[in-house]
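Working through the structure, step by step
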Amino acid sequence: MTSVAQRRARIGIMGGTFDPIHNGHLVAASEVQQQFDLDEVIFVPTGQPWMKGEVTESEHRYLMTVIATAANPRFTVSRVDIERDGPTYTVDTLRDIRSARPDADLFFITGADAVAQILDWKDVAEVWELAHFIAVSRPGHRLTISGLPEQGVSSLEVPALAISSTDCRSRVSRGFPVWYLVPDGVVQYIAKHHLYRSS
Ligand SMILES: Nc1ncnc2c1ncn2[C@@H]1O[C@H](COP(=O)(O)OP(=O)(O)OP(=O)(O)O)[C@@H](O)[C@H]1O
Ligand SMILES: O=C(O)c1ccc[n+]([C@@H]2O[C@H](COP(=O)([O-])O)[C@@H](O)[C@H]2O)c1
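Residues numbered from 1 in each chain as written. Chains lettered and ligands numbered in written order. Predicted model: local features only at pLDDT ≥ 70, side-chain atom pairs only at ≥ 80, totals over all residues.

The name given to the chain in an unreviewed UniProt entry is Probable nicotinate-nucleotide adenylyltransferase, and the organism recorded there is Antiquaquibacter soli. Annotation of the chain in UniProt includes, under Catalytic activity (unreviewed entry), the sentence "nicotinate beta-D-ribonucleotide + ATP + H(+) = deamido-NAD(+) + diphosphate". The heading Sequence similarities (unreviewed entry) in the UniProt record of the chain holds the text "Belongs to the NadD family." (UniProt positions renumbered as here; feature names shortened; annotations may be inferred.)

Next up, the structure:
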């Protein structure tokens, strides 16, 4: 009797502050899922992102991420970063997901802006060992992966969506709509919880 070798699971990890999650994040994750034949993309909202200033309470960012991803059977959301005390480091995110999914190949998805900063991340040598990186294009940011290990990073052009969380927050605070920039449920969540209103 011949045995059929089982394919290793391929898991994408989309880390982000998601303050709020927007359609640029979702299009990037969807495109990477399809192009890299991923079984699942886990969205991981940051706890305390040490490279950013003050951010919205993590439970709001987590719930908006759940709402935005709920309809896609391949998208899930993890609480590992929001439940860990202290600043959020990707090395800890990857360690936690690796120990929960020891048999999977991990792919960390980042936009062009984040890729440019990876060399400043904590324990970057270990980070490369834990996951393969996929750098996606982002309007307004040049995708440059020079200086990063060639084997460790792939790049992918995704349909350009010039959306940022900063712009979404600014629009809400000025009374402009964010319909179609973020999923409908996220528009409604922002209104219900009075997020991003200027005081
Ligand atoms: N429009 C976009 N297209 C492709 N990638 C994106 C886009 N927006 C964000 N990303 C990537 O998604 C990840 C998480 O981003 P983040 O949650 O910081 O959103 P952001 O829009 O950059 O937020 P902010 O404007 O508050 O800095 C990062 O790797 C970032 O590069
Ligand atoms: O590990 C680090 O030192 C590190 C520094 C900055 C950002 N990151 C990760 O990069 C991802 C995108 O971060 P951000 O701040 O652009 O939302 C998110 O998962 C962060 O935890 C990680």
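Having seen the structure, we can now continue with the description.
1. Considerations on helix α1 (residues 23-35)
Here α1 is 13 residues long and its end C-alpha atoms lie 18 Å apart, about the 18 Å a rise of 1.5 Å per residue gives. Along α1, the residues classified as buried are Gly24, His25, Leu26, Ala28, Ala29, Val32 and Gln33. Phi turns positive, to about 50°, at Asp37, one or two residues after α1. (Helix = DSSP H or I, 4+ residues; strand = E, 2+ residues; numbered from the N terminus. Expected span 1.5 Å × (residues − 1). Buried ≥ 20, exposed ≤ 12 C-beta atoms within 10 Å, placed from the backbone.)

2. A word on the sheet that holds strand β1 (residues 9-16)
An order of β4-β2-β1-β6-β7-β8 is seen for the six strands of this open sheet, with the pairing classed as parallel. Edge positions in the sheet fall to β4 (75-77) and β8 (153-156), since each has one partner strand and no second. Geometrically, the sheet is characterised by an average inter-axis angle of 30° between neighbouring strands, direction not taken into account. As paired strands, strand β6 (residues 104-111) and strand β7 (residues 132-136) are joined by five bridges and run parallel to one another. Within β7, the residue paired with Thr110 across the bridge is Ala135. α1 contacts β1, β2 (40-45), β4, β6, β7 and β8 of the sheet and is inclined by roughly 165° relative to β1. Strand contacts of helix α2 (residues 58-69): β2 and β4, with the helix running at about 160° to β2, the strand carrying the most contacts. (Pairing = 2+ DSSP bridges. Axes fitted to C-alpha atoms, helices over the stretch in contact; angles between N-to-C directions. Contact = placed C-beta atoms within 7 Å.)

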